[in-house]
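An overview of the molecular structure
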Amino acid sequence: VCKVTSPNIDKQVDINAQYIRLKCLASQQFWVTVGEFSAISTDSTGDTFTLDTPFASEMQLLSLNDCNLLNGFTPAADKAKGHTLTVSTAGCASLRILFTALPENHGLTVQTVTADGTARAVEPLPDTRIDCTGIDRVVITFGAVPVTVGEIVVK
């Protein structure tokens, strides 16, 4: 992407990548300290996660697409029932939801919703895959038993 030659870098690039790495290519006389490193996507898939509940932080929502199943979103049992996680599917072809725990009697529901509001139930599986053709959003409604959403992959 670029060679680091100054303390601050602000670079816009048009790339399709899953990971970005900062790597030292030669020996250094001094330690390099990274104060902040971020990559911002401006793609057209509109990866949008919204919760109708105050029990989640922005960091918990970021864990939904960090490519790490060890970080996930688990709502608190006493606050989860009936609350929803909505995923916008604008411009994407498919959606994959990876649940890291689906205990018995979880009460979780997954629905696809079209632009006109028509909803269709999808069976929640540990690896739930949804064809997004004609779908406006996917709504996950939590039950009384906590379920962990490990990752949501929008393609």
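The present account deals with the structure reproduced in this document. Model, not experiment: these values are computed from the prediction.

Turning our attention to the pattern of salt bridges. The full count for this structure, using the stated rule, is 3 salt bridges. Between R96 and D127 there is a salt bridge whose closest N-O contact spans 2.8 Å. Separated by 31 residues along the polypeptide, R96 in strand β3 (residues 94-101) and D127 in strand β6 (residues 127-131) bring together distant segments of the chain. Here R129 ties to D127 by a salt bridge, and the two come within 3.1 Å at their closest N and O atoms. Note on D127: relative accessible area 28%, which makes it partly exposed. Among the charged side chains, a salt-bridge network with shared partners connects R96, D127 and R129.

The next subject is the pairing of strand β8 (residues 148-154). Burial runs high along β8: 6 of the 7 residues are buried. Here 6 bridges tie β3 to β8, and the two strands are oriented antiparallel to one another. Note on β8: the bridge partner recorded for R96 is V153.

Here I152 lies in strand β8. Separated by 57 residues in the primary sequence, I152 and L95 have C-alpha atoms spaced 7.1 Å apart.

Cut-offs applied
- Residues numbered from 1 in each chain as written.
- Predicted model: local features only at pLDDT ≥ 70, side-chain atom pairs only at ≥ 80, totals over all residues.
- Heavy atoms only, no water.
- Salt bridge = Lys/Arg side-chain N within 4 Å of Asp/Glu carboxyl O.
- Helix = DSSP H or I, 4+ residues; strand = E, 2+ residues; numbered from the N terminus.
- Buried < 20%, exposed > 50% of the residue type's maximum accessible area, 1.4 Å probe, protein only.
- Pairing = 2+ DSSP bridges.

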